[in-house]
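Observations on the three-dimensional arrangement
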Amino acid sequence: ELKRIYMLARLHGSGAAAALIREVIARAKERGAARLLLDVYSRNDRAIAFYRKYGFEKIADTRFFVGETGYDDWVLAAPLETR
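For the structure given in this document, a descriptive report is provided here. Not measured: the values here are computed from a predicted model.

What counts and how
- Residues numbered from 1 in each chain as written.
- Predicted model: local features only at pLDDT ≥ 70, side-chain atom pairs only at ≥ 80, totals over all residues.
- Heavy atoms only, no water.
- Pairing = 2+ DSSP bridges.
- Helix = DSSP H or I, 4+ residues; strand = E, 2+ residues; numbered from the N terminus.
- Axes fitted to C-alpha atoms, helices over the stretch in contact; angles between N-to-C directions.
- Contact = heavy atoms within 4.5 Å.
- Salt bridge = Lys/Arg side-chain N within 4 Å of Asp/Glu carboxyl O.
- Buried < 20%, exposed > 50% of the residue type's maximum accessible area, 1.4 Å probe, protein only.

1. Observations concerning the sheet that holds strand β3 (residues 69–79)
Strands sit in the order β1-β3-β2 across an open sheet of three strands; the sheet is antiparallel. If you trace the sheet from one side to the other, it starts and ends with β1 (35–41) and β2 (57–66), each paired once. Mean inter-strand twist for the sheet, computed between neighbouring axes without regard to direction, equals 30°. In terms of strand pairing, β1 meets β3 through seven bridges, oriented antiparallel. Residue pairing across strands places Leu38 opposite Leu76, the latter belonging to β3. Across the sheet, helix α2 (residues 45–53) is in contact with β1, β2 and β3; its angle to β1 comes to roughly 165°.

2. Digging into the pattern of salt bridges
A full pass over the atoms with the stated rule returns three salt bridges. The salt bridge partner of Asp61 is Lys58, with a shortest N-O separation of 3.0 Å. By relative accessible area, which is 37% here, Lys58 ends up partly exposed.

Structure, rendered in structure tokens:
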């Protein structure tokens, strides 16, 4: 399960996030993981589109709290056995 990854805005579009997610996928596969799970803010369209390029699909809704404030997150999953 991948909990949180944040990329500095100045690095958006640089390829750094793609390199990072490819490394995460490779290491998870090396460890025999069948799938990856991650949470993403439901209104973060850019991140959701990015994760979908790597085979992630929404499987559930969840809430993420910062203090008393709750945010709607999605749980995304990507199968690794066929990647």
